Amino acid sequence: MADSHAPVSAMKTTILPVDTGMITCIKAIPGDDLLDDLEIDLNDTEDAQHIRYAASQLKTSNIPVAFPTETVYGLGTDATRSSAVQGIYKAKQRPADNPLIVHFASLKQLRDVLRPNAVQTNGHVLAPEVTAGLSTFGARIPANILALALIKFADVPVAAPSANASTKPSPTAAEHVKFDLDGRIEIIVDGGLCEVGVESTVVDGLSSPPMILRPGGVSLEQLRTCPGWENVRIGYKNSAEEKPKAPGMKYRHYSPKAKVVLYESEADAPSWEDIKEYGKVGMITTRCWRVDHSNASALVTKKHYESANGEAALGTHEETTRGFARLIANTLHATPVSRKGIMLHRLTRPGGSGIELFDLALGPDTAGIARGVFAALRELDRVDVDVILVEGIDDAEGTTAAAVMNRLRKAAEVNVSG
């Protein structure tokens, strides 16, 4: 008889690098909408074989596949098969009452699921585990060609949360996925670093008025340009909610191993008193914080970044390209995001004891902060700091800033306000 307590051998996790150069044709097939359907052709390179193989695993395997999107890496499987969707919860160790977003390659694919006779014609009925007991589900079409190609070739709706271990910072690179899920999944499609860096905006379009359940890359103002959504409202809180309508609303999320202390934008900079009990301190700086070696009484001073003409540089740039053109530009011509280095300061406290301060500067640009914040939390965890002090930004400046602060407030054990 087999020993029920014997250890289960971990599966091998393989990273499959994929480049967009394998795509020979991308064509929107318009119907009622520009993205009614997509035609995507691939060449015969090894990268194209990786996409086809990953797509076949998405469709047939019960082990989820990790893949890149424009926001963060997702962990996907066939949303119509219960055994496959259960594999997501198992790999992530995700609570069963946390619903999943379903990803589609086109509006046509979404409509196929919504048709009343879908079960008779193609079996596209979502597994009950997708909705976690809710009567609704979240649908999304990624703005990333690699993700769309994967879903298109799998030819099934794909349930996919972020590809991290549950409660940990979301992954913006394939190596982040490998760190969290090594031995729990078989395939990671490596499409490089994610462009946005925080998860998608979630909107309840069935309520009146429509309500934003989770802030992300699509702004309140952009949503209000949609017919019938002119009065869309904010419906999320920055704390956990008992009856979540969307992912990320109930449980503590995005948290590294180290304790996270978030300083709101109006708060004073951290002092020696704030870190007196720690020997290794991580610090994520954005707009104002500077480590001050010349000031024996202060750990950090606040000074705004300035542009070349002396004006404050707050980095509130908003993307102006929209629609299918933006999707192509984002995926095929995106500028790689440079990795941020950690600066180590060996400092002496008032009274003589030493401290190691690991300073990771994200810079003042809001989009850059969004792209780098999850990676920064992970990098500081890797050097085993005891606590991470985070310089927050003003979430009133725009949707991207609101999304960053929403994630940081859920990650923080302590929140310091002004």
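Above this text is the structure in question.
1. Some words on unusual backbone geometry
What is expected of a backbone is that most residues other than glycine have negative phi and most peptide bonds are trans. Note that the residue after Ser 208, namely Pro 209, is joined by a cis bond; omega there is 0 degrees. Within the secondary structure layout, Pro 209 lies in the loop between β10 (202–204) and β11 (211–214). The backbone phi angle of Ala 132 is positive, close to 50 degrees, even though this residue is not glycine. Of note, Ala 132 is situated in the loop between α5 (128–131) and β7 (138–140). Its relative accessible area of 22% is what places Ala 132 among the partly exposed residues. Backbone geometry places Thr 167, a non-glycine residue, at a positive phi of 80 degrees. Position of Thr 167 among the secondary structure elements: in the loop between β8 (158–159) and α7 (174–181). A relative accessible area of 33% means that Thr 167 is categorised as partly exposed.

2. Examining the packing of helix α1 (residues 46–60) against helix α6 (residues 145–154)
Their axes nearest at 8 Å, the elements α1 and α6 cross at an angle of 55 degrees. Taken together, the axes of α1 and α6 lie oblique to each other. α1 and α6 meet at a crossing whose hand is right-handed. Taken together, the residues of α6 that come into contact with α1 (itself represented by Ile 51, Ala 54, Ala 55, Leu 58 and Lys 59) are Leu 146, Leu 150, Phe 153 and Ala 154. Residues that form the contact of α1 with α6 fall into these classes: 8 nonpolar, no polar and 1 charged.

3. Re the nonpolar core
Membership of the largest hydrophobic core comes to 30 residues, with the highest contact counts inside it found for Met 22 and Val 189. If you list the elements that add at least two residues to this core, you get β2 (23–29), β3 (37–42), α1, β4 (65–67), α6 and β9 (187–190). The element contributing the most residues to this core is α6, with 8 residues.

4. What about the sheet that holds β7?
Strands sit in the order β1-β9-β4-β5-β8-β6-β7 across an open sheet of 7 strands; the sheet is mixed. The open sheet has two edge strands with one neighbour each: β1 (14–17) and β7. By the bridge criterion, 4 bridges tie β1 to β9 in an arrangement that is parallel. The partner of Thr 14 across the bridge, within β9, is Ile 187. Those strands touched by helix α2 (residues 82–92) are β5 (74–78) and β8, and its axis lies near 155 degrees from that of β5.

5. Regarding the packing of aromatic side chains
Counted according to the given criterion, the structure contains 1 aromatic pair. Between Tyr 263 and Trp 289 the ring centres are 5.2 Å apart and the planes differ by 80 degrees, which places this aromatic pair in the edge-to-face class. Note that Tyr 263 is positioned in strand β13 (residues 259–263) and Trp 289 in strand β15 (residues 289–291), a separation of 26 residues in sequence. Since its relative accessible area comes to 4%, Tyr 263 is described here as buried.

6. Thoughts on helix α11 (residues 399–411)
Its 13 residues give α11 an end-to-end C-alpha distance of 18 Å, which sits within 8% of 18 Å, the value for a rise of 1.5 Å per residue. Along α11, 13 of the 13 residues are buried, which leaves the element largely enclosed by surrounding structure.

The rules behind each value
- Residues numbered from 1 in each chain as written.
- Predicted model: local features only at pLDDT ≥ 70, side-chain atom pairs only at ≥ 80, totals over all residues.
- Heavy atoms only, no water.
- Helix = DSSP H or I, 4+ residues; strand = E, 2+ residues; numbered from the N terminus.
- Buried < 20%, exposed > 50% of the residue type's maximum accessible area, 1.4 Å probe, protein only.
- Axes fitted to C-alpha atoms, helices over the stretch in contact; angles between N-to-C directions.
- Parallel < 35°, antiparallel > 145°, perpendicular 65-115°, else oblique.
- Left-handed = near helix turned anticlockwise from the far one by under 90°.
- Contact = heavy atoms within 4.5 Å.
- Nonpolar A, V, L, I, M, F, W, Y, C, P; charged D, E, K, R; others polar.
- Core = buried A, V, L, I, M, F, W, Y, C linked by side-chain atoms within 4.5 Å.
- Pairing = 2+ DSSP bridges.
- Phe/Tyr/Trp six-rings, centres within 6.5 Å; stacked < 30°, edge-to-face > 60°.
- Expected span 1.5 Å × (residues − 1).

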